[in-house]
Amino acid sequence: MFFALENLPKKIARRLKPSLRKKHHLERLVGPIGFWDELQEYQINCMKKLGLKPDHHFLDIGCGPLQGGIAFIDYLNTGKYVGVDYRLEPIEAGYKQILQKQLFHKNPVLIVSKNFGQDELAEKKFDFVWASQILYHLEDDLLDTCFNP
């Protein structure tokens, strides 16, 4: 009996195909599961409509494992992307993606920070600051830290 991979339950398909397992792991870090590609496309298209150009400096707050970040890094000129996240695991996953997608030459910067990069970025200026799917997860004191450095 033959089963096409796409007809198998997702849990079984992930066991048989490593790329599906990796994508599921990334989706679990950021959520919601099953919408990685759609949300990545939404994020880059949204920012382009808002005026993002390749030469802009871009800060991605709560960048996670780079759901949108990969598209931003690919679109932006070298050295224009900075991603900040509260946890190390998503940042490590993000760097793995950068290597996998061969975008290391774009020299993106990923920072683990408890205060949204305020210490690490000091006086650096950005043309755009993006915070997707993160703000509603934060406690009030962290929101204050984010918006009132």
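1. Thoughts on unusual backbone geometry
- Unusually for a residue other than glycine, Leu 66 sits at a positive phi of about 75 degrees.
- One non-glycine residue, Gln 102, lies in positive phi territory at about 55 degrees.
- Of note, Gln 102 is situated in the loop between α5 (88–100) and β3 (109–112).

2. Some thoughts on the pairing of β3
- Both strand β2 (residues 81–85) and β3 contribute to a ladder of four bridges, which runs parallel. Counted as the bridge partner of Asp 85 is Val 112 from β3.
- For the crossover from β2 across α5 to β3, the handedness is right-handed.

3. Regarding the sheet that holds strand β1 (residues 58–61)
- Taken in spatial order, the four strands make up an open sheet running β3-β2-β1-β4, and their pairing is parallel. The open sheet has two edge strands with one neighbour each: β3 and β4 (128–130). Put simply, the sheet's adjacent strands are angled 15 degrees from each other on average, direction ignored.
- Pairing analysis gives three bridges linking β1 to β4, with the strands arranged parallel. Counted as the bridge partner of Phe 58 is Phe 128 from β4.

Parameters and conventions
- Residues numbered from 1 in each chain as written.
- Predicted model: local features only at pLDDT ≥ 70, side-chain atom pairs only at ≥ 80, totals over all residues.
- Heavy atoms only, no water.
- Helix = DSSP H or I, 4+ residues; strand = E, 2+ residues; numbered from the N terminus.
- Pairing = 2+ DSSP bridges.
- Right-handed = clockwise from strand over helix to strand, strands pointing away.
- Axes fitted to C-alpha atoms, helices over the stretch in contact; angles between N-to-C directions.

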